[in-house]
Each structure stands twice: as C-alpha cells, then as structure tokens.
Amino acid sequence: MNNKILEVRNITRTFDNIKCLDNISFNLYSGDFLLIAGANGSGKTLLMKHLNGLFPIKRSTIFFKGEDCYKKDDLMKKRVGIIFQNPDSQIVGLTVKDDVAFGPGNIGIKGDELNKTVARVLSEMEISHLSDKNPYILSGGEKKRVTIAGVLAMNPDILIFDEPFIGLDYPGVISVTKSLLKLKAEGRNIIVITHDLEKIAAYCNRMIIMSKGKIVHDGLPNELIDKVSDYSIRRPFQKDLKDMTWLT
Ligand SMILES: Nc1ncnc2c1ncn2[C@@H]1O[C@H](COP(=O)(O)OP(=O)(O)OP(=O)(O)O)[C@@H](O)[C@H]1O
Ligand SMILES: [Mg+2]
C-alpha cells in the first residue's frame, strides 16, 4: 500500500516579490481523498494549477508515478484533471455532448471511441438526458456535472475539485457529494479544495491546511479539524468528523 501517485517537491512561485507558493512539498498516495483548506489567497488554486501544467514548472519539482514532469510536460495535462470553481469558465461546447467531447477529441480520440467515451461519462454523471442541450442554459448543479463529465472523459488519474459546492443549492450539494463519493468508490485519486468542511470532511482520509503560500499542516482530518480556526477557516459545528456531511 501507500503507493505514491504524485510527489511535489519544493514548489515556490513569486509574484511581485511575494511568495504566493512558498516551498510546497507533499505526496498524494493511491486512493487518497485529500481535503485542502486555507483562507482566501493562501495559494490553493495556484498550487493546483501547477499540478496540471497550467503554470509551467521551471525545474524538477513534480513527479507523477516517479516520472519527472519537468522532462515530460504534457504528462500532467493528461493525468491531472481540474474541475474549476466556476463551470462557465470551463464550458466550451454548444451542446453538452460536444462540450464533453472537446477534451478527448483534443488528444486524438475520435469516431466510435469518442462517442462511447462521451456516452459513458454522461451516464456516469447521470446527465445523458441533457446530451443535446446548450450547457449555458443548465442549472448550476447540472453545469457542474457537465464539467466533471468533461474531465472524466480524459480519464485522468487525479481529479481536483476547486470549491465544488460554491453556488449550489441543497440538491446540488447532495448531487455533487454523491458524484464525489462515486468517484472515490471507483478508486480515483481525489483532491477537494473547499471552505465548506462540513459538507465533505467526513469522507476525506487526509487533510492539508495552507496559509500564506505554505502548507502549515498535512495529516489526518480528525487531528487537524480543531486547528482550522487558527487559519481563518470556519470549524464545522458538528463535534465528530463523521457527521461533517450533508448526506443523511
Ligand atoms: N497569475 C497570477 N499573477 C499574480 N498573482 C497571482 C496569480 N495567480 C495567483 N496569484 C496570487 O497568488 C495568491 C494565491 O492565489 P490563489 O488563487 O491560489 O488563492 P486561493 O487559496 O485559491 O484563494 P481562494 O480561497 O480565494 O480561492 C493570491 O495572492 C493571488 O493574488
Ligand atoms: Mg481558489
């Protein structure tokens, strides 16, 4: 066990003389469901953008299954998928099925294989009935599932959810939580960034707290949950970690 999927070693990123990421190192292990919490501006999204190649790294700082991503820069784009906070920023197709086909189409999947991939991920996200709709007219929760389907269609090894619950109503939160748990049950490696700890912490096996560009804690959620309020994160009112979910 403890099969290392991702190793991040000493990432630092400076903008305007401020270290927005300050010597970040952590590992992701097979089957991890990692929760990342931190105040606004602590560097969470910026770090995730480094993990899937949106910010090119300047030296050997990220290793995917032991392979140096500095030497193989398309590796992270293929193996790490991010579901961003705002689905509108991620939607590119005029129909749901075109949107979901965009990513795999870009990496050369076509014809029958592409159609099958799209049908599979739409079904997995339970949005097959929306296939011919214009994604922009969908509800927030439906859009979120379209963007998850689009990322799943690339079959990444690591899925990153950046604030998955923002803007969702109660059924939307339930639906996205169930999608996350389904992906976890399939054995996907998942990173969830959120301020809403009470919606998801019950299911996470690890937790990282970020502050001012640094990882200040990396450990077990039940050991770290009482520390979050030191870093401008609201501690859920539930006493026990197992109750930090909206699923009943
Ligand atoms: N392209 C960029 N150019 C300059 N500064 C940037 C850039 N991207 C991020 N930053 C800065 O890096 C810091 C961390 O930003 P980041 O988006 O990672 O915060 P965050 O932890 O995701 O916060 P939030 O909870 O508000 O989403 C911020 O101060 C931000 O202004
Ligand atoms: Mg962010």
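Rules used throughout
Residues numbered from 1 in each chain as written. Chains lettered and ligands numbered in written order. Predicted model: local features only at pLDDT ≥ 70, side-chain atom pairs only at ≥ 80, totals over all residues. Helix = DSSP H or I, 4+ residues; strand = E, 2+ residues; numbered from the N terminus. Rg over C-alpha atoms; globule rule 2.2 N^0.38 Å. Buried ≥ 20, exposed ≤ 12 C-beta atoms within 10 Å, placed from the backbone. Contact = placed C-beta atoms within 7 Å. Near = placed C-beta within 6 Å. Pairing = 2+ DSSP bridges. Axes fitted to C-alpha atoms, helices over the stretch in contact; angles between N-to-C directions.

### Considerations on the overall build of the protein
Within the protein, the regular secondary structure consists of eight helices and ten strands. Its C-alpha atoms give the protein a radius of gyration of 18 Å, within 12% of the compact-globule value 18 Å for 248 residues. Across its three principal directions, the C-alpha atoms of the protein cover 50 × 45 × 40 Å. Expressed as a percentage of its 248 residues, the buried residues of the protein come to 39%. Across the protein, contacts joining residues at least 24 apart in sequence account for 65% of those joining residues at least 6 apart.

### Some points on the site of ligand 1
Surrounding ligand 1, one finds Phe 15, Cys 20, Gly 38, Asn 40, Gly 41, Ser 42, Gly 43, Lys 44, Thr 45 and Leu 46. Broken down by element, the residue count for the shell around ligand 1 peaks at three residues, all from helix H1 (residues 44–51).

### A look at the sheet that holds strand E8 (residues 189–193)
Strand pairs in the sheet, formed through backbone hydrogen bonds, run parallel or antiparallel to each other. Pairing is mixed in the open sheet, where six strands are placed in the order E6-E7-E8-E3-E9-E10. The strands lining the two open edges of the sheet, one partner per strand, are strand E6 (80–83) and strand E10 (214–219). Ignoring which end each strand starts from, the neighbouring axes of this sheet average 20° apart. Here strand E9 (residues 206–211) runs beside E10; their pairing, made up of five bridges, is antiparallel. Its bridge partner lying in E10, Met 210 is registered against Ile 215. Contacts from helix H6 (residues 170–185) reach strand E3 (33–38), strand E7 (158–162) and E8, with the element oriented near 150° to E8.

### Re helix H3 (residues 96–106)
Each turn of an α-helix holds 3.6 residues, which means side chains three or four residues apart point in the same direction. Looking only at H3, the buried set comprises Val 96, Lys 97, Asp 99, Val 100, Ala 101, Gly 103 and Pro 104. In this structure, the buried side of H3 is in contact with helix H4 (111–124) and helix H5 (140–152).

### As for unusual backbone geometry
Notably, Asn 10 is not glycine yet its phi reads approximately 55°, a positive angle. Within the fold, Asn 10 resides in strand E1 (residues 4–15). The backbone of Asn 155 shows a phi angle near 50°, a positive value even though the residue is not glycine. Within the secondary structure, Asn 155 sits in the loop between H5 and E7.

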